[in-house]
Structure formats: C-alpha cells, structure tokens
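The primary structure of each chain is shown beneath.
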Amino acid sequence: QMQLVESGGGLVQAGGSLRLSCAASKRNSYSMGWFRQAPGKEREFVAGISWTGGSILYGESVKGRFTISRDNVKNTVYLQMNSLKPEDTADYYCAAGVRGVQVVAGAYEYWGQGTQVTVSS
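Bear in mind that the values here come from a model prediction, so they are computed numbers and not experimental data.

A. A look at the overall build of the protein chain. Helix and strand content of the protein chain: 0 helices and 11 strands. Put simply, the protein chain runs from its N terminus to its C terminus through helices and strands in the order β-β-β-β-β-β-β-β-β-β-β. Against the globule reference of 14 Å for 121 residues, the protein chain gives a C-alpha radius of gyration of 13 Å, in line with a compact fold. Its C-alpha atoms give the protein chain principal-axis dimensions of roughly 40 × 25 × 25 Å. Expressed as a percentage of its 121 residues, the buried residues of the protein chain come to 45%. In the protein chain, the proportion of contacts linking residues at least 24 apart, taken out of those at least 6 apart, comes to 57%. When the accessible area of the protein chain is evaluated, it comes to approximately 6200 Å², of which 48% is carbon and sulfur surface. Considering the protein chain, the positive charge centre built from 12 side chains and the negative charge centre built from 9 side chains are found 6 Å apart.

B. Looking closely at the state of the cysteines. For the structure on display, the rule yields 1 disulfide. Between Cys22 and Cys94 runs a disulfide, and the two sulfur atoms are separated by 1.9 Å. With the S-S dihedral at roughly 50°, the linkage between Cys22 and Cys94 falls on the right-handed side. Of this pair, Cys22 sits in strand 3 (residues 18-24) while Cys94 sits in strand 9 (residues 90-97), placing them 72 residues apart in sequence.

C. Representation of unusual backbone geometry in the model. The residue Asn75 is not glycine, and still its phi comes out positive at about 55°. Within the secondary structure, Asn75 sits in the loop between strand 7 (66-71) and strand 8 (76-81). On the basis of relative accessibility, which here comes to 18%, the residue Asn75 falls in the buried class.

D. Representation of the nonpolar core in the model. Residues Leu4, Trp34, Leu79, Met81 and Tyr92 are the most contacted members of the largest nonpolar core, which totals 28 residues. Only strand 3, strand 4 (31-37), strand 5 (44-49), strand 7, strand 8, strand 9 and strand 11 (115-120) provide two or more residues apiece to this core. Membership of the second largest hydrophobic core comes to 6 residues, among which are Ala95, Val101, Ala107 and Tyr108.

E. Broad picture of the environment of Thr76. Mapping Thr76 onto the fold places it in strand 8. Through-space distance from the C-alpha of Thr76 to that of Glu42 is 26 Å; in sequence the pair is 34 residues apart. Not counting residues up to four positions away in its chain, the partners in contact with Thr76 are Ser21, Cys22, Ala23, Arg70 and Asp71.

Conventions used here
Residues numbered from 1 in each chain as written. Predicted model: local features only at pLDDT ≥ 70, side-chain atom pairs only at ≥ 80, totals over all residues. Heavy atoms only, no water. Helix = DSSP H or I, 4+ residues; strand = E, 2+ residues; numbered from the N terminus. Rg over C-alpha atoms; globule rule 2.2 N^0.38 Å. Buried < 20%, exposed > 50% of the residue type's maximum accessible area, 1.4 Å probe, protein only. Contact = heavy atoms within 4.5 Å. Areas by Shrake-Rupley, 256 points an atom, 1.4 Å probe, with all protein chains shown as cover. Lys, Arg positive; Asp, Glu negative; His and termini not counted. Charge placed at Lys NZ, Arg CZ, Asp CG, Glu CD. Disulfide = S-S within 2.5 Å. Core = buried A, V, L, I, M, F, W, Y, C linked by side-chain atoms within 4.5 Å.

Written out as structure tokens, the structure is:
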C-alpha cells in the first residue's frame, strides 16, 4: 500500500502562481498524475508524468501554464501552476498508477486526499 499526501494549495489572485507537491510514502516506479475537481463537476485530468519523466501529458485547459515534474529521490511530484485563472479553482488530487501516463482517473490505483486551490478574480 502506498500513501500520497498533497500540499501547497491555498488562495491566490488571478495571474498568480502556486506549486503543489505530492509526497509518496515509499520509493516507487509509478506514473503520477494530477487531477482536479470543482464543485458540481467531474474530476478532470490536469497533468501526468511517467516514472522516468520521459512521458508527460497535460490537459488542454492548462497547457502552457502548468508544469509537472518529479524528484524520484524525494518520492515527490510537483505541479507548478502559473497564470492562474478563477476557473482553476478546484480540489487538486495526485494519483499513482502502474501503467503509463493515463488521462482517465480510473487507471490510477492510489490517490491522495486532495488540496484546495482557490483563485480569486
């Protein structure tokens, strides 16, 4: 079993930046993903990265603004979020999966509890 713990969420003004972190409880070779869910909406794929970092995908709504990265020594994956918009407001979740980078939430085996991001206009 593996635990994932997200951190770094908060309140930021539109145009600002935040960096989310997701720490895994043990060394792993999983692909990692970030998803988000706003109230009343379905969970949305944000970004994903393979274990080596050689494969990275972004959701269309965040391309060019968000950057995913990972540090396998620290067992941590990051999501740098720039040029934030009010529509980025959501709970952000990290996930780990044994398959390659996937955009479907059901493809991931492990999930964190989420961290809230609120972007004010």
